[in-house]
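For reference, the chains in residue letters:
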Amino acid sequence: MSAGTWRDKARRVRALMVKETRQVIRDPSSIAIGVVLPMILILLFGYGLSLDVKNVPVAVVVEDPGPAARELVAGFQLSPYFHAQITHAMQPAEKLMLERSVDAIVRIPADFERRVNSGSAEVQVLLHGGDANRARIIQGYVQGAIQAWNARQAAEGKTMTGAGGSVTVQQRLWFNDANESRYFLVPGLIVLVMTLIGALLTAMVMAREWERGTLESLFVTPVRSDEILLGKTLPYFLLGLIGLALCIVAAKYLFHVPLRGTLPVLLGASTLYVLVALGIGLLISSAVKNQMVASQLAMLATFMPALMLSGFLFDLRSMPAPIRLITYVLPARYYVTLLQTIFLAGNVWRVIVPNMLVLAGMAALLGLGSRAATRKRLD
Amino acid sequence: MKNTNGAVPAVLVTRDLHKRFQPPRLPAVQALDGVSFEAPRGMLTALVGPDGAGKTTLMRLAAGLLHADSGELTVLGVDVSADPQQIQDRISYMPQRFGLYEDLTVAENIDLYADLHGVSPEARAERYPRLMEMTALGPFKSRLAGKLSGGMKQKLGLACTLVRSPELLLLDEPTVGVDPLSRRELWEIVRQLVDTQGLTVLLSTAYLDEAERCGHVIVLHQGKVLAQGQPSDITDIARNRVFVAELPAGQNARVVQSRLLDEPDVIDAVPDAGRVRFVRAERPRATAAGAGAANALVGAQVSAATPRFEDGFMSLLRRVADQEHASTISLDRPLAARDDEVVVHVHDLVRKFGAFTAVDHISFDVHRGAIFGLLGPNGAGKTTTFRMLCGLLPATDGELRVAGADVRHARASARAHLGYVAQKFSLYGALTVAENLDFFASAYGLRGSRKGARIAWAMEQFELAAHAHEPSGQLPGGYKQRLAMAAALLHEPEILFLDEPTSGADPLARRAFWRRITALAEQGVTIIVTTHFMQEAEYCDRIAIMDAGRVLAEGRPEEIRHMADLSEAHEPSMEDAFIAIVERSRRNGQSREVAA
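Just so you know, these numbers come straight off a predicted model, no measurement behind them. (Residues numbered from 1 in each chain as written. Chains lettered and ligands numbered in written order. Predicted model: local features only at pLDDT ≥ 70, side-chain atom pairs only at ≥ 80, totals over all residues.)

### Here's the deal with the overall build of chain B
Logical step 1: Secondary structure assignment for chain B yields 19 helices and 24 strands.
Logical step 2: Here the C-alpha radius of gyration of chain B, 25 Å, is about what a compact globule of 596 residues would show, namely 25 Å.
Logical step 3: Projected onto its principal axes, the C-alpha positions of chain B cover 65 × 65 × 55 Å.
Logical step 4: Sorting the 596 residues of chain B into buried and exposed places 48% on the buried side.
Logical step 5: Counted over contacts in chain B with a minimum sequence separation of 6, partners at least 24 positions apart contribute 72%. (Helix = DSSP H or I, 4+ residues; strand = E, 2+ residues; numbered from the N terminus. Rg over C-alpha atoms; globule rule 2.2 N^0.38 Å. Buried ≥ 20, exposed ≤ 12 C-beta atoms within 10 Å, placed from the backbone. Contact = placed C-beta atoms within 7 Å.)

### A word on the interface of chain A and chain B
Frequently, the measure chosen for interface size is the accessible area removed from exposure when the parts meet.
Logical step 1: Counting residues at the interface gives 27 residues for chain A, matched by 23 residues for chain B.
Logical step 2: Sorting the residues of the side of chain A that touches chain B by element identifies α1 (6-26) and α8 (214-219) of chain A as the ones contributing at least two each.
Logical step 3: Ranked by residue count, the leading element in the side of chain A that touches chain B is α1(A), at eight residues.

### Quick notes on helix α14 (residues 349-373) of chain A
All names here are of chain A.
Logical step 1: The end-to-end C-alpha distance of α14, which contains 25 residues, comes to 35 Å, matching closely the 36 Å that a straight helix rising 1.5 Å per residue would cover.
Logical step 2: Along α14, the residues classified as buried are Ile-352, Asn-355, Met-356, Leu-359, Met-362, Ala-363, Leu-366 and Ser-370.
Logical step 3: If you follow the buried residues of α14, they end up packed against α9 (225-254), α10 (263-287) and α13 (331-345). (Expected span 1.5 Å × (residues − 1).)

### Comments concerning the domain arrangement of chain B
Residue and element names in this part refer to chain B.
Logical step 1: Each domain of chain B was delimited in the assignment, giving domain 1 (10-233), domain 2 (237-320) and domain 3 (424-492).
Logical step 2: A C-alpha centroid distance of 35 Å is found between domain 1 and domain 2.
Logical step 3: At the interface, nine residues of domain 1 touch six residues of domain 2.
Logical step 4: A total of three residues in the side of domain 1 that touches domain 2 trace back to one element, the largest contributor, which is helix α7 (residues 208-212).
Logical step 5: For the side of domain 1 that touches domain 2, the class distribution of residues is seven nonpolar, one polar and one charged. (Domains from an automatic or database assignment. Nonpolar A, V, L, I, M, F, W, Y, C, P; charged D, E, K, R; others polar.)

### What about helix α3 (residues 67-78) of chain A?
Residue and element names in this part refer to chain A.
Logical step 1: Taking 1.5 Å as the rise per residue, α3 with 12 residues should run 16 Å; its terminal C-alpha atoms sit 16 Å apart, in good agreement.
Logical step 2: Taken together, the buried positions of α3 are occupied by Ala-68, Ala-69, Leu-72, Gly-75 and Phe-76. Seen along its axis, α3 keeps its buried residues to an arc of 115°; they face one direction. Seen from the open side of α3, the exposed residues pointing more than 90 degrees away from its buried face are Pro-67, Ala-74 and Leu-78. (Arc of directions from axis to C-beta.)

### Side note on the packing of α9(A) against α10(A)
All names here are of chain A.
Logical step 1: In the contact formed by α9 and α10, the axes pass within 10 Å of each other and the chain directions differ by 135°. Between α9 and α10, the crossing angle belongs to the class labelled oblique. In this structure, α9 crosses over α10, and the sense of that crossing is right-handed. The residues of α10 that touch α9, namely those facing Leu-229, Lys-232, Thr-233, Tyr-236, Phe-237, Gly-240 and Leu-244, are Ser-270, Val-274, Leu-278 and Leu-282.
Logical step 2: By residue class, the composition of the contact of α9 with α10 is seven nonpolar, three polar and one charged. (Axes fitted to C-alpha atoms, helices over the stretch in contact; angles between N-to-C directions. Parallel < 35°, antiparallel > 145°, perpendicular 65-115°, else oblique. Left-handed = near helix turned anticlockwise from the far one by under 90°.)

### Examining the nonpolar core
Logical step 1: If you look at the biggest cluster of nonpolar residues, it comprises 252 residues, and the most contacted ones within it are B:Ala62, B:Leu170, B:Phe497, B:Ile527 and B:Ile545.
Logical step 2: Sorting elements by how many residues they give to this core places helix α7 (residues 182-212) of chain A first, with 19 residues.
Logical step 3: The contacts of B:Leu170, once residues within four sequence positions are left out, are B:Met59, B:Ala62, B:Ala63, B:Ile91, B:Tyr93, B:Met94 and B:Leu202.
Logical step 4: Formed by 27 residues, the second largest nonpolar core is a distinct cluster that contains A:Ala59, A:Leu72, A:Ala84 and A:Leu127. (Core = buried A, V, L, I, M, F, W, Y, C linked by C-beta atoms within 7 Å.)

### Here's the deal with the confidence of the model for chain B
Residues and elements named next belong to chain B.
Logical step 1: For chain B, per-residue confidence averages 86 on the pLDDT scale, and 93% of positions sit at 70 or higher.
Logical step 2: In the predicted structure, residues 1-7 sits below a pLDDT of 50 and forms 11 contacts with residues beyond four places in sequence or in another chain.
Logical step 3: Both scores are given for the predicted complex: the pTM is 0.80, the ipTM 0.80. (pLDDT = per-residue confidence, 0-100.)

### Quick notes on unusual backbone geometry
All names here are of chain B.
Logical step 1: Not every positive phi belongs to a glycine, and Asp-16 is a case in point at roughly 50°.
Logical step 2: Structurally, Asp-16 is set in strand β1 (residues 10-21).
Logical step 3: Non-glycine residue His-361 carries a positive phi angle of around 50°.
Logical step 4: Along the chain, His-361 falls in strand β16 (residues 356-367).
Logical step 5: Under the C-beta neighbour-count criterion, His-361 is labelled partly exposed, with 14 such atoms within 10 Å.

Shown next as structure tokens:
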């Protein structure tokens, strides 16, 4: 028998890949996870989900009809950061706050004008503390608005020392000058898409083969278990690269995220991560041979950590130490670091090399693991 | 019994093979317990035996998918445990449920297997047309495998295993759940390959008539080989002990048959064309209570008959499984004795799904306490009819009365009178037997002491108490079916609907099942049943044969039998009649289409 030669091997892998590709094309759920879901995520995260706070509803209580107060109010009304509702008494404003129609109350007291002129004016700011992070951001905005007014007053020669003091705080964020959250959301999004295609889809299609009994028939042919693995891996690897391409195009042309590193480095890092995700998917499905459980496990073991513990949404350094330790075993953590570096900082080899090495190690380990776990046996 | 083909080397040899399974939290199962046999080259070898005999385990061991605990297993001269891949390169294997890729077309499935086996383009050009001709799948090449009927799927599975000539073909119950027409076609394909190409085949089956057609038979029971040899060797076991009783007028063959099963000197009895066919015991059985066959057959004319394979098989099983397998059933409150009251009335019933007419103007009546059989190939409309009768699916048109209630307008009140056992096990697998019964009792509105009494009744009548606290999903097949029947009888329905209750069941389990059905009918319960086993139609008072949504024939079993092609020499069996009726109707349908 010539079943052992490389040509036969290649022919069998090709046959399995053709089969798999046909299945992907015909199965709406593969297309949904592989193409539609990434698109939805791109649009959702790119346009809908933003960590920037804009159009904050505030109630501005104007108890002083004087020109200084009017000018300050105008500052709030014209700012893109606020959506100001003007009232003339505290009571309606408090009601709005209770209903959570507004997140803050800015009260300009009746003696504002008089005290401005005497150089020690006060503006009362009440913040809704329901979301402490948001409250702090809004506090900063309000201060900023008052400072801006202050600065205008100063420029017009009306010397004074007002509510915000005379020091101007110049805010500057490294690598995200515009303080646009999409700059770091879009690279994070790539992690999610790669995780979905790599781990979830692979775990599901492999479990489906167990569930439908197709593997039992396949096993009793000249096909080897490594060929079955390759035949599964390659099409989804390609699908992963399509997802990646979609994300990069969207990042660059839709959301104008700068790519400061180079494309080959980005592709290299992504290739490693897709391999890791595929390995996890294959391992999960060799342990649980049921589509439903496999997909839930893949979600819990890969997608959720990639969302929450990779440094994509939440800063790793602000996590409690035990949880931070957990993040070290998550491949997504290294990929997020890589992507954020490559997109926003450039080819910083001191960051890229160690993270890529960790991913490569994980990919090799998982590859060997799924090779060992996939035997042509039913017991 | 010695190897029938002493000169021909065996293709598959097992010596003292053992295999044990250890399911979590349950007692271990000894699937194979010292199995030794040989499968000769160039012929069909059948593995027969009841559920749990170890047939599938043996097949999987031979395919190198499982490892034996001890013993030797040589296939094509190779030790399977040492080099499973070499075996898998050379043999073909069709599991019970062949893993077709349902989202690939017929041609793509075949191509995949041809690629994996490395079949050259020239070999394909020669082989494909023949495969297509044999399986009659030619016109459906570009159809998705998932859209094929059950019988066509099996044929496609077989075609995938035959893309090249294997040195050994393993078929694990290839005809389970396949209607008689497709079954006959599958058999013709295999037969032809054995006869013309000298293919060696090992197949397992629950159909004893299939085993009879093989060259070599191995009878397995609880992991042990009971006998092996030519089918005639097995048949001969019952020689001189098989009789047919012609009953006096007014006696029901089914009732007499079920009484005979209780007699100590009878090991098997079946209704057969209005008569009763039975096998006498080699020596009286200690466990049976009756006073002898003569008692049950007063007034009947008994004559000797030629034994069949099934008679020998049942004799073999009785030697090792003497305990009363076929238990009866008694209702707390027997219903009114059988009379001429019509309890199910179906007239001009129609069900359309869009443009497709699944049930096309069918009519029949079923009397109280009668057993009515609905037979037909896969896709004939039997299940759709059932669902309408049970009020699970609204009818498009026609009359439908069940237990005096109009199902089309008063579904709920009709449902209270009927029990339904679905084709697939539809109880909660994760719940225990007791929990399932408790749930279904509550669902039927039973409460308090009445509920307790009914559950106790079900546990006792169906001998479920020993398994009361096991999860239902892990029960052996026969028990699952008993549990499903018990659940359907909790609310004491007048009418019981059973959709292919014996599909995949072995002969012993089927006897037990029909025993219960006969007892229920005697106590006034009306039974409507579908089945693929044509011999089982003999248990019915009346049967209807359906195809393409229409009733082709309706009447007593002996009337239907005589609708077969009578030109053949032997007396027509129910299966012959069924195939003749369906084929005749399909031919007419085609010629009508051509004429139009």
